[in-house]
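Here are the chains, one letter per residue:
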Amino acid sequence: MWQRLGKFVLKFRGPLLILLLAITVVMGFFASQVKLSYEFSKAIPTDNPKYKEYIAFKQMFGDDGNLLVAGIQTENLFELSFFNEYKKLHEQLKKIEFVEDVLSIPSAVSLKKDSASQKLVAQKIFTDTIVTQQQLNIAKDKFYNLPFYRGLLYNSELKAYLIAVRINKDVLNSAARTKVINEITEAVKKFEDTTKTDVHLSGLPLIRTVVADRIQNEMRYFLFGSLLLSALILALFFRSVSTTLLSLLVVIMGVVWSVGVLYLCGYQITLLTALIPCLVVVIGIPNCIYFINKYHSSYIQTNDKQKSLLDMVSKMGVVTLFCNLTAAIGFAVFALTKSAILKEFGVVAGISIMVIFVVSFILLPAALSYLPVPKPSQTKYLNNKWIINFLLRIERWVLHNKKMVYVITAAALIFAVAGIFKLKSVSFIVDDLPKTDRVYTDLKFFEKNFHGVMPLEIVVDTKKTGWIGGARALSVFEKVDELSTFIASHKEMNRPLSVAEGMKFAKQAYFDGDSANYLLPNSFDGGFVGEYLRSSNDDSGGKNNLSKMLTSFIDSTKQFTRISVNMADVGTEKLPVLLAGIEQKANEVFDTSKYHVQLTGTSITFLEGSRFIVNGLEDSIFWAFLLIALCMLYLFKSVRILLCSLIPNVIPLVITAGIMGWVSVPLKPSTVLVFSVALGIAVDITIRFLVNYKQELPTYNYNVLETVGATIRNTGLSIVYTALVLIAGFVIFCGSSFGGTQALGWLTSATLLIATLTNLVLLPVLLLLLAPKKPTKKHS
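Residue numbering note: each chain is counted from 1, following its sequence as written. This being a predicted model, a pLDDT of at least 70 is required before a residue's local features are given, and a value of 80 or more before pairs of side-chain atoms are given or counted; all residues contribute to the totals for chains, interfaces and linings. In computing side-chain properties, one takes all heavy atoms of the structure into account and sets aside hydrogens as well as water.

Caption draft 1: Highlighting the overall build of the protein chain. Scanning the protein chain from N- to C-terminus turns up 24 helices and 10 strands. Principal-axis analysis of the C-alpha atoms gives the protein chain an extent of 110 × 50 × 45 Å. Under the scheme applied here, a residue whose accessible area is under 20% of the maximum for its type counts as buried, over 50% as exposed, and between as partly exposed, the area being computed with a 1.4 Å probe on protein chains only. In the protein chain, which comprises 780 residues, the proportion classed as buried is 57%. We call two residues in contact when some of their heavy atoms are within 4.5 Å. Restricting the contact set of the protein chain to residue pairs at least 6 apart, pairs at least 24 apart contribute 79%. The method behind every accessible area is Shrake-Rupley, applied with a 1.4 Å probe, and residues are considered shielded solely by the protein chains displayed. As presented, the protein chain carries roughly 33300 Å² of accessible surface, and 60% of it is formed by carbon and sulfur atoms. In this tally Asp and Glu are treated as negative and Lys and Arg as positive; neither His nor the chain ends contributes. Charge coordinates come from a single atom per side chain, which is NZ of Lys, CZ of Arg, CG of Asp or CD of Glu. The centroid of the 78 positive side-chain charges in the protein chain is displaced by 13 Å from the centroid of its 58 negative side-chain charges. Runs of E in the DSSP output that reach at least two residues are strands. Runs of H or I that reach at least four are helices, and both are numbered from the N terminus.

Next comes the structure, spelled out in structure tokens:
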């Protein structure tokens, strides 16, 4: 069949090349239409209970991940000139388009009791009339007399101060978010230059925008870098400009098709799908090496160009098909998960890898038929003395040192298993950033001075409409305050913000600003304070900050209220422990028959998403093994060869996991991906070795010993060259500034290096071990 296909390609080479080029142009048009995704990728499926709870929260109270914070640490804030610059920064931030609100010390208000109208009137503490240091000092004392702002806008012990900037949630899901963040950064830079004071920026809008933009920019560099590196290696191997350019044309077409497929599937470029073009380059180049290597070796034997091309297609077509099929399975299994980000990656990567096979199968033989026959200098690599000596040494090892191979393999596995026991599964929101990165160090500034900026939301459901209103609401807020006090006792969490804090603020105002009365109203004074609360809540002007708090912390039905907490990025190992403690305390404080307390927010969805991705990737590895095993069984129709093929590919994954344990690289979404990627690619080496072994058996009269030796010599050369290209293609990722991308680079490279050795050394030993005692022609 493959010979007939080869004759078809060569016979209709002209029309096929024109058709291939035409489709590539069309796919190029589609690729030009693809857009970057500015939405924060959904790691968990939309039917996940945690996700549903989070969406319900946002519909009720609004978004929790749109707050950017700017912090400074100085002794000079309340010096008049410095304070005026700080105030000017506040005003500049407010003027930036899509900035909805700015909260800082210059905008802080106090509440004053107006007995005549029975309203709490908001009064600006730092008015525009302040022109002397004495006036500023009076305002400062008034501000410090308000416990409401303590820990939220300042840390008096560490002299740290904070500005909170709320950004429109819709713009954060668009390309305009980068412009908003840049304008905020520019305003902050001007303040830094004027005051000679460092300003620290953090918050989810900044972290997500900066990280996403960096990764997307890096992917472009890595794509061109992998193409350049591949071109260099191909030029060194083949010593032919035309062969090198032809191979690059194959992968460039594959890249264009892959981005076109992304558009046709209705997807956008995400942090994960951005990897696909690089993967297409890395997987496409080995196709070219194997096809061209077979063409050159056949031509040396036959000196017949047409026959060599047919031999290349007939013998390497089926090999390359199954190699690409198993690689595609390694990625496509992600489509079986319910995670949108993994499903998109799996679908596009799986299709793209099969596309690169079609492009290789048509373009290479057709184009080579038009090119001149290979010159001796272009086939010189087939007699590379260093690699040939290396392969002969491996052959001697396989034939004469089987026990040593078993011992080394066993020792490596013992080492790996010991490392696996040290392996941990933990991830952080800023996990992959270097510890010296400004985004990371700024986040740590806020964790040190304000206990963090990661949002955690607690929703209290009273199970009765209108229950959070009137005097009966006091009992609810007493429980809210008790839970808040418990939360604030954790060093990883800031003092929670809730209606209870607003009521304390109101009571202090009712008692003429006496800070000793920053307490929840009790049954005695609750009625008096309540009158002022109702009045402020009806304030039609909507300018009373307490009124804003009441509307943003109590839903319209007055059945639900929220407690907002900012916390440190403690990681997926510690976060469940903290959340369990809060849930236990909540169940003690709130009668579960009358109330339902629910923890949600970005911190919860991050934890759930990390778990879901790690578990999804673990499941995908299982399905990849199963489907690849079925492909191998179909291809070789031998359980014995199936067993021989799987062992050399399981061992590299086990050793890689062990290395991760020994060097303290945790299991997280960015590192678990390595196993599926490496498995899908490493199996290619096994298939190419075993197919060649099967094809060589009749030549050596089904003598397994002689056939194994010949297969090492004949296939080993292209396996070594391909391994070098693959490893070089992934090593380039080590230049990334992100730990996850670096891990993908060096861990995948290490896995492929080990897989190359196990397939060249252990696989032949296993074939000899499990060989039939009396070989027959039925052997397969």
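Caption draft 2: Fine view of the nonpolar core. We define a nonpolar core as any set of buried Ala, Val, Leu, Ile, Met, Phe, Trp, Tyr and Cys residues linked to one another through side-chain atoms lying within 4.5 Å. Of all hydrophobic cores here, the largest spans 256 residues; its most connected members are I105, F126, Y149 and F477. Sort the elements by how many residues they give to this core and helix 11 (residues 340-370) lands first, with 17 residues.

Caption draft 3: Structural context of the packing of helix 2 (residues 13-33) against helix 8 (residues 241-264). A fitted line through C-alpha atoms represents every axis, and for helices the fit uses only the stretch in contact; the resulting angles, taken between N-to-C directions, go from 0 to 180 degrees. Between helix 2 and helix 8, the least distance of the axes is 7 Å, while the angle of their chain directions is 50°. Accordingly, the angle class assigned to the pair helix 2 and helix 8 is oblique. When you trace helix 2 past helix 8, the crossing you get is left-handed. Residues L20, L21, I23, T24, M27, G28, F30, A31 and Q33 of helix 2 pack against M253, V256, W257, V259, G260, V261, Y263 and L264 of helix 8. Of the residues that constitute the contact of helix 2 with helix 8, the class distribution is 13 nonpolar, 4 polar and no charged. Note on angle classes: values under 35 degrees are labelled roughly parallel, values over 145 roughly antiparallel, values of 65 to 115 roughly perpendicular, and the remainder oblique. Working rule for handedness: look at the near helix, and if it is turned counterclockwise from the far one by less than a right angle, call the crossing left-handed; if clockwise, right-handed. Basically, the charged four are Asp, Glu, Lys and Arg, the nonpolar ten are Ala, Val, Leu, Ile, Met, Phe, Trp, Tyr, Cys and Pro, and anything else, Gly included, counts as polar.

Caption draft 4: Just the sheet that holds strand 9 (residues 560-567), in detail. One open sheet holds the 3 strands; their spatial order is 9-8-10, and the pairing between them is antiparallel. Lying at the two open borders of the sheet, with one neighbouring strand each, are strand 9 and strand 10 (596-600). Averaged over all adjacent pairs, the angle separating strand axes in this sheet is 20°, with direction ignored. Strand pairing is defined by DSSP finding a minimum of two bridges between the two strands. Judged from the 5 bridges that link them, strand 8 (residues 454-461) and strand 10 form a sheet pairing that is antiparallel. Bridging from a neighbouring strand, I458 pairs with L599 of strand 10.

Caption draft 5: Main features of helix 1 (residues 2-11). All of the buried residues in helix 1 are W2, G6, V9 and L10. Around the axis of helix 1, the buried residues are gathered within 95° of arc, so they sit on the same side. Opposite the packed face of helix 1, turned more than 90 degrees from it, sit the exposed residues R4 and K11. Against helix 2, helix 10 (305-332) and helix 11 lie the buried residues of helix 1. Throughout, the arc means that of the directions going from the helix axis to the C-beta atoms.

Caption draft 6: Geometry of the pattern of salt bridges. The salt bridge criterion pairs a side-chain nitrogen of Lys or Arg with a carboxyl oxygen of Asp or Glu, the two atoms within 4 Å. Within the structure shown, the criterion is met by 20 salt bridges. A salt bridge links E85 to K88, with the shortest nitrogen-to-oxygen separation between them at 3.6 Å. Highlighted residues: E85 and K88, both in helix 4 (residues 80-95), separated by 3 residues, approximately one helical turn. Since its relative accessible area comes to 43%, K88 is described here as partly exposed. Between E501 and K504 there is a salt bridge, and its shortest N-O distance comes to 3.4 Å.

Caption draft 7: Spotlight on unusual backbone geometry. Unusually for a residue other than glycine, K196 sits at a positive phi of about 55°. Secondary-structure assignment places K196 in the loop between helix 6 (176-195) and strand 7 (200-202). Overall, K196 belongs to the exposed group, its relative accessible area being 72%.

Caption draft 8: Helix 8, seen in detail. A helix is expected to reach a length of 1.5 Å times the quantity of its residues less one. End to end, helix 8 covers 34 Å across 24 residues, agreeing with the expected 34 Å (1.5 Å per residue, within 8%). Immediately downstream of helix 8, the backbone of G266 shows phi near 80°, a positive value.

Read these as geometric descriptors, not functional statements.
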